[in-house]
Amino acid sequence: MAGIEAVQLDARLAQLGVNKKIFVDALEWAAGQARMCTEFDAPSMSGITFWSRANRFLAEHLRDPEYMAEHLKDVNESLSLWKYTRRDSILRVVHPAGTHAITAISGSGGIGDLDRPVRSKNPKGRAMAVIVENNAKFDRRTGQGLIQSRDDIEFGGELEEMPLWFLLYERTAAGLAAELSLPVKMEGKYVNEWSERIPLFTLPDPGVDIELLDAPDDDNGVHIPVQFTG
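Okay, so let's go over this structure. Computed from a prediction, not measured in an experiment: that's the story for all the values here.

Here the focus is the overall build of the protein. The secondary structure content of the protein amounts to 6 helices and 7 strands. Mapped from its N terminus to its C terminus, the protein presents α and β elements in the order α-α-α-α-β-β-β-β-α-α-β-β-β. Out of the 230 residues in the protein, the part that is buried amounts to 45%. Contacts spanning at least 24 positions in sequence make up 64% of the contacts within the protein whose residues lie at least 6 apart. Of the roughly 11,900 Å² that the protein leaves accessible, carbon and sulfur atoms contribute 50%.

Turning our eyes to something else, we now look at the pairing of strand E7 (residues 190-203). As paired strands, strand E6 (residues 175-187) and E7 are joined by 11 bridges and run antiparallel to one another. Across the sheet, Met186 pairs through a bridge with Val191, a residue of E7. Following E6, the chain reverses through 2 residues before pairing antiparallel with E7; Gly188 in that reversal takes a positive phi of roughly 65 degrees.

Time to look at the pairing of E6. Burial within E6 is extensive, with 11 of its 13 residues counted as buried. Alignment of strand E5 (residues 164-172) against E6, held across 7 bridges, turns out to be antiparallel. When the bridges of E6 are listed, Glu170 appears paired with Ala177. What sits between the antiparallel neighbours E5 and E6 is a turn of 2 residues.

Quick look at helix H3 (residues 45-62) now. Along its 18 residues, H3 runs 25 Å from first to last C-alpha, staying within 8% of the 26 Å computed at 1.5 Å per residue. Along H3, the residues classified as buried are Ser46, Gly47, Thr49, Phe50, Trp51, Ala54, Asn55, Phe57, Leu58, Ala59, His61 and Leu62.

As for its position among the elements, Lys20 is in helix H2 (residues 20-34). The class of Lys20 is partly exposed, set by a relative accessible area of 24%. Along the sequence, Lys20 and Pro199 sit 179 residues apart, while their C-alpha atoms lie 9.9 Å from each other. Residues in contact with Lys20, not counting those within four places in the same chain, are Asp10, Leu13, Leu200 and Phe201.

Right, let's talk about the side chain of Thr99 for a bit. Assignment of secondary structure puts Thr99 in the loop between strand E2 (92-94) and strand E3 (101-109). A relative accessible area of 8% places Thr99 in the buried class. Here the side chain of Thr99 touches His95 through a polar contact of 3.5 Å, side chain to side chain. At 2.8 Å, the side chain of Thr99 forms a polar contact with the side chain of His100.

For the rest of this paragraph, the subject is the packing of H2 against H3. Between H2 and H3, the least distance of the axes is 8 Å, while the angle of their chain directions is 140 degrees. In terms of axis orientation, H2 runs oblique to H3. Crossing angle aside, the handedness with which H2 passes H3 is right-handed. On H3, the residues touching Ile22, Phe23, Asp25, Ala26, Leu27, Trp29, Ala30, Ala31, Gln33 and Ala34 of H2 are Ser46, Thr49, Phe50, Arg53, Ala54, Phe57, Leu58, His61 and Leu62. The residue makeup of the contact of H2 with H3, split by class, is 13 nonpolar, 4 polar and 2 charged.

In this structure, Phe23, Leu27, Phe50, Ile102, Leu167 and Leu180 are the most contacted members of the largest nonpolar core, which totals 41 residues. For this core, the elements supplying multiple residues, two or more each, are helix H1 (3-15), H2, H3, helix H4 (65-71), E3, E5, E6 and E7. Tallying contributions element by element places H2 first for this core, with 8 residues. For Leu180, the contacting residues outside a window of four places in its chain are Leu13, Leu16, Phe23, Ile102, Trp165, Phe166, Leu167, Glu196, Arg197, Ile198 and Leu200.

Thresholds, definitions, all that
Residues numbered from 1 in each chain as written. Predicted model: local features only at pLDDT ≥ 70, side-chain atom pairs only at ≥ 80, totals over all residues. Heavy atoms only, no water. Helix = DSSP H or I, 4+ residues; strand = E, 2+ residues; numbered from the N terminus. Buried < 20%, exposed > 50% of the residue type's maximum accessible area, 1.4 Å probe, protein only. Contact = heavy atoms within 4.5 Å. Areas by Shrake-Rupley, 256 points an atom, 1.4 Å probe, with all protein chains shown as cover. Pairing = 2+ DSSP bridges. Expected span 1.5 Å × (residues − 1). Polar contact = N/O pair within 3.5 Å; in protein donor to acceptor, adjacent residues only side chain to side chain. Axes fitted to C-alpha atoms, helices over the stretch in contact; angles between N-to-C directions. Parallel < 35°, antiparallel > 145°, perpendicular 65-115°, else oblique. Left-handed = near helix turned anticlockwise from the far one by under 90°. Nonpolar A, V, L, I, M, F, W, Y, C, P; charged D, E, K, R; others polar. Core = buried A, V, L, I, M, F, W, Y, C linked by side-chain atoms within 4.5 Å.

Dropping the structure here:
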């Protein structure tokens, strides 16, 4: 990546109140937790652990005054702490001003490579579909894909209407790739269109399979009724 492009991407992250350091730390810590899973754990446990811990560490760091002062003062001079929510099983950190939120999920395709398409690795349910649809409406209304206006927040902005950015991660042959992207469209249950994509980095291989189930699906799928007799 050219030097000027790297500077522009860092500036874009700063507008969102974050930097690469926070994402590096969250994903590296999550990988360490996932590596603790063994063959005696449930199937998919390493993938679930990585997803959950990535979001947990992201929230813990963004809510830790000491961490913020040491690593994020350049993008958050007031050192205001982020908020956190698990509504609809979507783990989110919310910017102190309520302008946008971030969630970590696994991706598939060209994560970090703007010349290749990407999509969410796993199917998403109705709650996520509503958020992505609102992202698209906001993007069309304002012509910008970054943050909500102050008026939107002060006069009735709801969590589901708040732009939600995805910290996409994928284990590749080169290592653990990541990018920060704003989804605006789904095809079926998969997110596959983005208003903006910000490549982040490729970390060393996590040494464990993290590409399995990363989040519960909130859709009402096919249910087979079971009646007990006795």
